[in-house]
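The chain contents come next:
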Amino acid sequence: MTEASEHDGATPERGAAVPGQDGHGGGTGDAGVGTRTRSGTGAGAGAGTGAGDGAEAEAGTGAGDAGAWAERSGAARHGRAAAPPVPRVRLVDEAREAGLSKTTVSAALNGTGRLSPEVREKARDTARRMGYRPNATARQLRAGRARLIGYVVGELADTPWTFLESPYFARLTGATAATALARGYAVVLLPAGSLQSEWAALPLDAVVVADPVADDRIVEDLLAARIPVFSDRSVEGRPGAHWVDVDATAVVGQTLDHFHAQGARRPVLVVPDSTTRFHREVDAAHRAWCAAHGLPVLSVRAAEPGNGPVIQAVETALGVGPDRPDALLVVAEASPPLVLDAARRIGYDVPGDLLLACVSEDETAVHTEPPVTTLSLRPDAVAEAGIAHLVAVLEQGLRETGGALVPVRLDVRASSVRRG
């Protein structure tokens, strides 16, 4: 297939009336596609596109037959007329407008060929101005892919709390969509807890399952449907599954080592009551670190996601009494200013009495007094590594079910540094 054919595969919308010279409708494709053909005031019959499945082939003047359109769509039964679809701008139309050949325009839009920057920009500017876009169906048939990636957050399947309220998942979702789009793929958001019957008919090339819970049904269903799954390390070694993850041991070790260097000897952990691989590993790493340093294991689980339940867990963790914690690591996601306020309400001075760090992507942490130390799971880097691996699997034929480990980043600020 030539370069031009990738962009020039567009066909008029099924049944669209295309104006002719003598007021007659014209069309492309096989005239015998529709089950019925109706004429308007002109003599020429508009033909179907060749992809029809029993749709009617329309005819009429350039203005079209509004009554026929309404009848075909069923809109007449509701007392309104449906407008005919607007014909797509074709590659030949754009080439004529730009004063260039179809081959040149196709190369400019594909980023191929030996063209001057001026010619390439002229073609692209004309395409933007005219609203030209390649025929997605033709591309799909040529490549054998729909270039659609499903995306679902597994951790929050059983709660009404939306993942877009989470700064981490909001960043991860946005970065995944932007990175995929730059590679020519669109992301389809699947609600948490989606059933097989809800996505089975979608032409998904792959699905990203962020933070699946233990024994997540959607992972099983996707793999059974032979759809490549990209997730965390919980899917490691499974045929058709690939992973990108962060080092949970480093999350705990870097932060608690920092607390220890500042003199803390009673650090407490607030972690979600979750069965995701990441949170289970955080809990295990915390216990191992405390045992290695001969310190008590102090931890509290947040019953549910969201600021309210996590702040309640923080208040429980800080408590009252002679053996109060002297450092707090909040892995359950919550607003850093709210965590800081909770510590102060209970009577702590931060960082005088309590060193504080939060696993968070919330930018408000920089603007508190004192600024709150955060540990970033680097969702942008996770998205970039994941999409790069996905493209290697889909387009380069990578068969190994491997993965990548993304390093975390500890941003030390005044909330975890002893004064003086």
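Bear in mind the structure is a predicted one, so any value in this text is a computation, not a measurement. (Residues numbered from 1 in each chain as written. Predicted model: local features only at pLDDT ≥ 70, side-chain atom pairs only at ≥ 80, totals over all residues. Heavy atoms only, no water.)

**Overview of the nonpolar core**
Judged by nonpolar contacts, the single largest core of 49 residues is most densely connected at L172, F259, F278, V282, L329 and L377. With eight residues, the top contributor of residues to this core is helix α14 (residues 379-395). Excluding its chain neighbours within four sequence positions, the residues that come into contact with L172 are Y151, A210, P379, V382 and A383. In terms of nonpolar packing, the next biggest core, distinct from the first, is built from 25 residues, V310, V314, L328 and V372 among them. (Core = buried A, V, L, I, M, F, W, Y, C linked by side-chain atoms within 4.5 Å. Buried < 20%, exposed > 50% of the residue type's maximum accessible area, 1.4 Å probe, protein only. Helix = DSSP H or I, 4+ residues; strand = E, 2+ residues; numbered from the N terminus. Contact = heavy atoms within 4.5 Å.)

**What to know about the confidence of the model for the protein chain**
Chain-level pLDDT for the protein chain is 79 on average; 73% of the residues reach the 70-or-more range. In the model, residues 1-77 has pLDDT below 50 throughout and makes 139 contacts with residues more than four positions away in sequence or in other chains. (pLDDT = per-residue confidence, 0-100.)

**Side note on the pattern of salt bridges**
The final tally for this structure, using the stated rule, is 17 salt bridges. Between E395 and R147 there is a salt bridge, with the nearest N and O atoms lying 3.1 Å from each other. On the criterion of sequence distance, the pair formed by E395 in helix α14 and R147 in the loop between α6 (136-143) and β3 (148-153) is long-range, its members being 248 residues apart. (Salt bridge = Lys/Arg side-chain N within 4 Å of Asp/Glu carboxyl O.)

**Concerning the side chain of H279**
On the secondary structure map, H279 appears in helix α11 (residues 277-292). A relative accessible area of 7% means that H279 is categorised as buried. With residues near it in sequence (within four places) discarded, H279 still touches E155, V271, P272, S274 and V331.

**Side note on the packing of aromatic side chains**
One pass over the structure, following the stated rule, counts one aromatic pair. Measuring from centroid to centroid gives 5.1 Å for Y168 and F169, while their planes differ by 70°, and the two rings are edge-to-face. F169 shares its class with Y168; the two are buried. The ring of Y185 carries R147 above its face, with NZ or CZ at 4.2 Å from the centroid. One residue, R324, lies across the ring of Y348, its end atom 4.1 Å from the ring centre. (Phe/Tyr/Trp six-rings, centres within 6.5 Å; stacked < 30°, edge-to-face > 60°. Lys NZ or Arg CZ within 6 Å of the ring centre and 35° of its normal.)

**As for helix α7 (residues 167-182)**
Over its 16 residues, α7 runs 22 Å from end to end, which matches the ideal 22 Å to within 8%, given 1.5 Å per residue. When α7 is considered as a whole, its buried residues turn out to be Y168, F169, L172, T173, A175, T176, T179 and A180. Where α7 is buried, its residues contact β3, β4 (186-189), β5 (206-210) and α14. Taken from the residues just after α7, G184 is the one with a positive phi, measuring 90°. (Expected span 1.5 Å × (residues − 1).)

**Overview of the sheet that holds strand β6 (residues 229-231)**
Read from one edge to the other, the open sheet built from six strands follows the order β4-β3-β5-β6-β7-β13, with strand pairing classed as parallel. Here the strands that pair on one side only, and so sit at the sheet edges, are β4 and β13 (403-406). On average, each strand axis in the sheet is tilted by 20° relative to the strand beside it, whichever way the strands run. Bridging between β5 and β6 involves two bridges; their strand directions are parallel. Paired with V207 across the strands is V229, a residue of β6. Strand contacts of α14: β3, β5, β6, β7 (241-246) and β13, with the helix running at about 160° to β7, the strand carrying the most contacts. (Pairing = 2+ DSSP bridges. Axes fitted to C-alpha atoms, helices over the stretch in contact; angles between N-to-C directions.)

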